[in-house]
Amino acid sequence: MTVTIRPAEKRDVLALAELIEEIERFYGSTEVQPLDERQAQVEEALFGSPPMVFALVVEDEAGDLAGLAAYSFLWPAAGSSHSLFLKELYVRDTLRRQGIGARLMDELRALAAARPGCSRVEWMTDRDNAEARSFYKSLGFAEFDGKIVYRVDTSTA
């Protein structure tokens with residue numbers, strides 16, 4: 001199947017909000033926000049002033065969104081440089097194992113390399129996500145064992 005990888009556009013907001021529900025359910029969530037709330041948050045995050053995040057989308061032959069790579073830039077990284085941080089990489093099950101995830105990773109690396117002062121691409125996956133770990137290993141990426149991730153919900157802070 002032929003797909004197009006391109007930056008998210010405003011016309012994608014509804015489809016992205018729907019895809020986010022699919023991603024949440026993929027990770028085991030049984031309750032998700034109402035669609036209108038997700039849609040408003042997607043629009044604010046991607047197209048607010050300033051945008052909080054960027055996304056590449058995977059568009060299938062029918063013009064439907066079938067995946068995404070959501071990322072932002074973090075500063076500082078090495079020295080005074082910054083990094084591209086990949087928050088979410090997702091491809092619908094029907095298109096997995098066709099090289100689309102690898103193409104998304106190549107696009108992200110190209111975006112980072114083209115951005116002055118961007119020294120690296122970083123991302124995380126859950127330790128128990130064997131498929132993701134295997135995918136990244138197949139692309140030649142080694143796991144970095146030097147960080148411990150902390151998280152606190154804003155409702156409990």
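Note that this is a predicted model, so its numbers are computed, not measured.

Colleague: Sorry, what's going on with the sheet that holds strand S2 (residues 54–59) here?
Modeller: As a general point, the strands of a sheet are linked pairwise by backbone hydrogen bonds and lie either parallel or antiparallel. One open sheet holds the five strands; their spatial order is S1-S2-S3-S4-S5, and the pairing between them is mixed. Edge strands, defined here as strands with exactly one partner in the open sheet, are strand S1 (4–7) and strand S5 (118–123). For this sheet the average axis-to-axis angle between neighbouring strands, irrespective of direction, equals 25°.

Colleague: Explanation requested: the packing of helix H1 (residues 13–26) against helix H2 (residues 35–47) in the structure shown.
Modeller: Each pair of packed helices gets described by two things: the angle between the helix axes and the distance between those axes. Contact geometry for H1 and H2: axes closest at 8 Å, N-to-C directions at 115°. The two elements H1 and H2 cross, and the hand of that crossing is right-handed. Mapping the contact onto sequence places Val 13, Leu 14, Leu 16, Ala 17, Glu 18, Ile 20 and Glu 21 in H1 and Leu 35, Arg 38, Gln 39, Val 42, Glu 43, Leu 46 and Phe 47 in H2.

Colleague: For this particular structure, what's the right way to read the side chain of Asp 12?
Modeller: Among the structural elements, Asp 12 can be located in the loop between S1 and H1. A relative accessible area of 3% means that Asp 12 is categorised as buried.

Colleague: I would appreciate a short explanation of the pattern of salt bridges in the present structure.
Modeller: Pairs can form between side chains of opposite charge whenever their charged atoms are close. Evaluation of the coordinates by the stated rule reveals eleven salt bridges. In this structure, Arg 11 and Glu 59 form a salt bridge, with 3.8 Å as the shortest nitrogen-oxygen distance. Of this pair, Arg 11 sits in the loop between S1 and H1 while Glu 59 sits in strand S2, and the two are 48 residues apart along the sequence. Taking the relative accessible area as the measure of exposure, Arg 11 reaches 57% and is therefore exposed. Assessed through its relative accessible area of 15%, Glu 59 is described here as buried. One salt bridge connects Glu 22 with Arg 92, and the closest N-O pair in it is separated by 2.6 Å. Of the two residues, Glu 22 is situated in helix H1 and Arg 92 in the loop between strand S4 (82–91) and helix H3 (100–114); the sequence distance between them amounts to 70 residues. Through salt bridges that share partners, Arg 6, Glu 9, Arg 11, Asp 12 and Glu 59 make up one connected network.

Parameters and conventions
- Residues numbered from 1 in each chain as written.
- Predicted model: local features only at pLDDT ≥ 70, side-chain atom pairs only at ≥ 80, totals over all residues.
- Heavy atoms only, no water.
- Pairing = 2+ DSSP bridges.
- Helix = DSSP H or I, 4+ residues; strand = E, 2+ residues; numbered from the N terminus.
- Axes fitted to C-alpha atoms, helices over the stretch in contact; angles between N-to-C directions.
- Left-handed = near helix turned anticlockwise from the far one by under 90°.
- Contact = heavy atoms within 4.5 Å.
- Buried < 20%, exposed > 50% of the residue type's maximum accessible area, 1.4 Å probe, protein only.
- Salt bridge = Lys/Arg side-chain N within 4 Å of Asp/Glu carboxyl O.

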